[in-house]
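Understanding the architecture of this molecule
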Amino acid sequence: MTPLEQAAQAALHAPSVFNTQPWRWLIDGDTMELQADESRRLEATDRDGRLLTLSLGAALHHALTALAAAGWSYSVTRLPSPGVVARIELGAPTSPAALDLAAAIPVRRTDRRAFGTRAVTDAELTKLRRLVEQNGAYLHVVPADKIPALAISAELAGAALSDDRDYRAELREWTHRPEGSGDGVPVDTAVEPGLRRVPVRDFAPDDTPGLAIGTAHDQGAAYVILFGRGDSELDLLRGGEALSALLLAATADGLATAPLSDAVEVEWPRVLVRGLIAGLGEPFVVVRLGYADATTPLPPRPRRTDAIAAR
Ligand SMILES: Cc1cc2nc3c(=O)[nH]c(=O)nc-3n(C[C@H](O)[C@H](O)[C@H](O)COP(=O)(O)O)c2cc1C
C-alpha cells in the first residue's frame, strides 16, 4: 500500500455524525483529495451541513496523523476548489511524529454508557485545550455549576427532535441500515435510557438498545464545548480536525469519549450553549470525557470499504 492509501485507510476509522461517513478519497499519484459525499448529508438533522463538515474535518485529521506517524511530510490545502474539501500533497520522508495519536485511531470508540467516578484532571483538560487550539478551534470546559444548564439544553433539544417527524424518520433510517452498507449506528451500540448528568441522544427509541447504562452516573465526567470564532466552512473543517485531535489524544490517555451534538442542532438549545461559552464564538459539538466504568468491550461498529478510489 502507498503512504496515501494507508492514510486514507486510517481515515475510514474517523467518527462521523450518525456514522454517515460522508467522505470520498481520491488518490492520484502523490496527491490525494478529500471530497464530500453530499448524498450522505442528513437532510433533517443537519440542514446546513455543519455536522457533515465537522465529520470531514475529523477524517482529514485522521489521514494527516497517519501520514505524520508513518514518517511522511505533506502539504495540505483546505477548500482548494469547489467540491474539494482538502488536497494533500505527499512530501519527503521525515521523522515519525504523532505516534500516540495514530495508535489511538483504530481503538477510539464512541462510548454512550455512563462514565465512572474517577475525575478527569485539570492537567488533562488543559493539555486537550491546547491541542484543540493548535488544530484551529477552541475548547471550553463546562464548570461544574454550569453542567445543569448544559443538561437543560440537551433535554430541550432531545424533546424537540423527538417531536420532529423528519428527524425520527432519519434516525430510523440510520439505525436500521441494509445489511452490508457498512454505515449507520447499530442499535447494539445504543445505550438504554436512564437518568444522566447530561442526557445523551436516544439512538433506539423504538428498539431495545444493546448497551446497559451501567451502575455509574458520569460523576467524574468532564463536559467540553468545542467551538470556533465563526461557522464558515473553513471554521467547521478546522473544528472537525480539532475534534479528531481531542478524541484521539483523550483515547491515548485512557479516557472514554462521546460526542454530543443534539444540543447544537436545535436553534434555542444552541443559543443556550452559545451562552455557556459567553458568546465567544459558535459552538460546534459537546464532548463527554471520562473513565469508562463498564469493563465489557463495545460491540463493533460498521465502516464503509468503498470510500477510496484511485484516479
Ligand atoms: C459531528 C459529530 C456529531 C456527533 N454527534 C453525536 C451525538 O449527538 N450522539 C452520539 O452518541 N454520538 C455522536 N457522534 C458520534 C458518532 O455517532 C460516531 O462517531 C459514529 O457512530 C461512529 O462510531 P465511532 O465513533 O465509535 O467510530 C457524533 C460524531 C460527530 C463527528
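The preceding data block contains the structure.
Let us look at the structure shown here. (Residues numbered from 1 in each chain as written. Predicted model: local features only at pLDDT ≥ 70, side-chain atom pairs only at ≥ 80, totals over all residues. Heavy atoms only, no water.)

**A look at the sheet that holds strand S5 (residues 138–141)**
Counted only if it meets this: By the convention used here, strands pair only if DSSP detects at least 2 bridges between them. By definition, any uninterrupted DSSP run of H or I lasting at least four residues is a helix, any uninterrupted run of E lasting at least two residues is a strand, and each is numbered from the N terminus. Each axis is a line fitted through C-alpha atoms, and for a helix only the stretch in contact is used; angles between axes span 0 to 180 degrees, taken between their N-to-C directions. Only heavy atoms matter for contacts: two residues are in contact if any of them lie within 4.5 Å across the pair.
Overall, antiparallel pairing links the 4 strands, which are arranged S5-S6-S8-S7 in an open sheet. The open sheet has two edge strands, S5 and strand S7 (256–260), and neither has a second partner. Each strand of the sheet is rotated relative to its neighbour by a mean of 30 degrees, with strand direction disregarded. Strand direction decides the pairing type here: S7 and strand S8 (residues 282–290), joined by 5 bridges, are antiparallel. Residue pairing for S8: Leu260 is matched across the bridge by Val286. Sitting on the sheet, helix H4 (residues 122–134) touches S5, strand S6 (222–228) and S8, and the angle it makes with S5 is about 155 degrees. The strands that helix H7 (residues 233–252) touches are S5, S6, S7 and S8; relative to S8, the one it contacts most, it runs at about 5 degrees.

**Structural notes on the sheet that holds strand S3 (residues 72–81)**
In space, the 5 strands of this open sheet follow the order S3-S4-S2-S1-S9, with mixed pairing throughout. At either margin of the open sheet sits one strand with a lone partner, and together these are S3 and strand S9 (308–310). On average, each strand axis in the sheet is tilted by 20 degrees relative to the strand beside it, whichever way the strands run. Pairing of S3 with strand S4 (residues 84–93), which is carried by 7 bridges, proceeds in the antiparallel orientation.

**Thoughts on the site of the ligand**
For the record, the criterion: Any residue with a non-hydrogen atom lying within 4 Å of a molecule or strand is treated as near it. N or O atoms closer than or at 3.5 Å make up a polar contact, with two conditions inside protein: a donor-capable atom paired with an acceptor-capable one, and, for residues adjacent in sequence, both atoms drawn from side chains. Here the accessible surface of atoms and residues is derived via Shrake-Rupley with a 1.4 Å probe, and residues count as covered only by protein chains that are part of the display.
Taken together, 21 residues surround the ligand, and among them Arg108, Thr110, Arg112, Ser261 and Arg303 come closest. In the environment of the ligand, an oxygen atom lies 2.5 Å from a nitrogen or oxygen atom belonging to the side chain of Thr110. Between an oxygen atom of the ligand and a side-chain N or O atom of Arg301, the distance comes to 2.8 Å. When the free accessible area of the ligand is taken as 620 Å², the share hidden by the protein chains comes to 98%. Elements supplying a minimum of two residues to the shell around the ligand: helix H2 (50–69) and S7.

**Details of H4**
For an α-helix the count is 3.6 residues per turn, leaving residues at separations of three or four pointing the same way. This is how the line gets drawn: By this rule the span expected of a helix is its residue count minus one, scaled by 1.5 Å. Using a 1.4 Å probe on the protein chains alone, a residue whose accessible area is under 20% of its type maximum counts as buried, one over 50% counts as exposed, and one in between counts as partly exposed. To be clear, the arc concerns the directions from the helix axis to the C-beta atoms.
A rise of 1.5 Å per residue sets the reference length of H4, with its 13 residues, at 18 Å; its end C-alpha atoms lie 18 Å apart and thus fit the reference within 8%. All of the buried residues along H4 are Glu124, Leu125, Leu128, Leu131 and Val132. Here the buried residues of H4 occupy an arc of 125 degrees about the axis, which is enough to place them on one side. Relative to its buried face, H4 has exposed residues pointing more than 90 degrees away, namely Asp122, Ala123, Arg130 and Gln134. As for H4, its buried residues are in contact with S5, S6, H7 and S8.

**Some points on the nonpolar core**
Side chains of a nonpolar character, in soluble globular proteins, are inclined to be buried together. For clarity, the threshold we go by: Throughout this description, the term nonpolar core refers to a set of buried Ala, Val, Leu, Ile, Met, Phe, Trp, Tyr and Cys residues connected via side-chain atoms within 4.5 Å. Marked domain ranges trace back to an automatic or database domain assignment.
Ranked by internal contacts, the top residues of the largest apolar core, which has 72 residues, are Trp23, Trp25, Met32 and Ile88. No other element matches H2, which puts 11 residues into this core. Taken domain by domain, the makeup of this core includes at least three residues from each of domain 1 (3–107) and domain 2 (122–290). The next biggest cluster of nonpolar side chains, apart from the first, holds 26 residues, and it includes Phe115, Ala258, Ala263 and Val264.

**Some remarks on the pattern of salt bridges**
Here is the rule we go by: Just to be clear on terms, a salt bridge is a Lys or Arg side-chain nitrogen sitting within 4 Å of an Asp or Glu carboxyl oxygen.
A complete count under the given rule lists 22 salt bridges for this structure. Note that Asp37 is salt-bridged to Arg40, the shortest N-O span being 3.4 Å. Residues Glu282 and Arg270 are paired through a salt bridge, measuring 2.5 Å at the closest nitrogen-oxygen approach. Of this pair, Glu282 sits in strand S8 while Arg270 sits in helix H9 (residues 267–276), and the two are 12 residues apart along the sequence. Just as Glu282 is buried, Arg270 falls in that class too.

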